[in-house]
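Fold and geometry: a report
Spelled out, the chains give:
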Amino acid sequence: MKKILMTLVAVFAAMNMNAQVYVGGSVGFGSVKAGSLSSESTYKIVPEIGYNLNSEWAIGVALGYQKGNCDFGNYDFTFNTTEVFSVNPYARYTFLNSDMVNVFIDGGLGFASVKDGGSLFQVGLRPGIALKASDKISLVAHVGFVGFETASPKHGDSSNAFGLNLDGNNIMFGVYYNF
């Protein structure tokens, strides 16, 4: 883990020299209670780093850790102590670029590994919007997903899904610091 962190710091430092880097991510937390069972706290940490190639295109990766009741699109991995590690590289196309707001779409891959539960793979598009709070800070929201997902639980049958998911449970908010 230390080697990965040091590698990310070195990459970050090298890319920072060109002042085209953004770092940030999103966090989430909640509490789930089912019937007479005790409530379970859940949380999610998704740091992100990206590089602006020009005013329209960027590349990046989001790394995530989630603990608790985990719902991935059409799949519900429900265990008392579910832990999920995810990697989501993407290419971002910004099709509306103004002084205050950027509207973009991320095209990418996603892989999530559910500890003692299986895995999930997805490929698709995720639309988003970035509000420039200042020259350095952006508030970002991603809404929905359109694409292909496949889940391979350790116990049970694999499942595949293709479609559009724009429900209220598929919204992520985050903050970016732009160098």
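Note: the structure precedes this text.
Since this is a predicted model, take the numbers as computed values, not measurements.

What counts and what doesn't
Residues numbered from 1 in each chain as written. Predicted model: local features only at pLDDT ≥ 70, side-chain atom pairs only at ≥ 80, totals over all residues. Heavy atoms only, no water. Core = buried A, V, L, I, M, F, W, Y, C linked by side-chain atoms within 4.5 Å. Buried < 20%, exposed > 50% of the residue type's maximum accessible area, 1.4 Å probe, protein only. 1 Å grid on protein atoms, 1.4 Å probe; cavity = no way out; pocket = protein on both sides within 12 Å on 5 of 7 lines; lining within 4 Å. Points joined across faces, edges and corners; volume = space filled by probe spheres on them. Helix = DSSP H or I, 4+ residues; strand = E, 2+ residues; numbered from the N terminus. Nonpolar A, V, L, I, M, F, W, Y, C, P; charged D, E, K, R; others polar. Contact = heavy atoms within 4.5 Å. Patch = residues over 30% accessible without salt bridge, like charges linked within 9 Å, V, L, I, M, F, W, Y side chains within 5 Å. Areas by Shrake-Rupley, 256 points an atom, 1.4 Å probe, with all protein chains shown as cover. Salt bridge = Lys/Arg side-chain N within 4 Å of Asp/Glu carboxyl O.

Let us now look at the nonpolar core. Of all hydrophobic cores here, the largest spans 7 residues; its members are Tyr-22, Ala-58, Tyr-90, Phe-104, Ala-130, Val-140 and Tyr-176. Counting 5 residues, the second largest nonpolar core, distinct from the first, contains Ala-112, Val-114, Leu-120 and Ala-151.

It is worth spelling out empty space enclosed by the protein at this point. Here the structure, examined in full by the defined rule, presents 1 cavity of 30 Å³ or more. Taken as a whole, the largest cavity spans an internal volume of roughly 60 Å³. Along its surface, the largest cavity is lined by Gly-25, Ser-26, Glu-48, Val-140, Ala-141, His-142, Met-172, Phe-173, Gly-174 and Tyr-176. Secondary-structure elements contributing two or more residues to the lining of the largest cavity are β1 (21-32), β9 (137-143) and β12 (171-178). When residues in the lining of the largest cavity are grouped by element, the largest group, 4 residues, is from β12. Residue composition of the lining of the largest cavity, grouped by class: 5 nonpolar, 4 polar and 1 charged.

Our next topic: the environment of Gly-124. Positionally, Gly-124 belongs in strand β8 (residues 118-132). Looking at Gly-124, the relative accessible area reads 17%, which means it is buried. Considering only alpha carbons, one finds Gly-124 and Leu-164, 40 residues apart in sequence, at a separation of 9.7 Å. Apart from the residues lying within four places of it in its own chain, the contact partners of Gly-124 are Asp-106, Gly-107, Gly-108, Phe-145, Val-146 and Gly-147.

A cluster of nonpolar side chains, namely Leu-125, Val-143, Val-146, Leu-164, Leu-166, Ile-171 and Phe-173, defines an oily patch on the protein surface of about 630 Å² accessible area. If you trace the backbone, Leu-125 turns up in strand β8.

Before going further, it helps to examine the environment of Ile-105. As for its position among the elements, Ile-105 is in strand β7 (residues 101-114). Judged by relative accessible area, which is 27%, Ile-105 ranks as partly exposed. The spacing of Ile-105 and Gly-128 is 23 residues in sequence and 5.8 Å in space, taken between C-alpha atoms. Apart from residues no more than four positions distant in its own chain, Ile-105 is found in contact with Ala-91, Arg-92, Tyr-93, Phe-95, Leu-125, Arg-126 and Pro-127.

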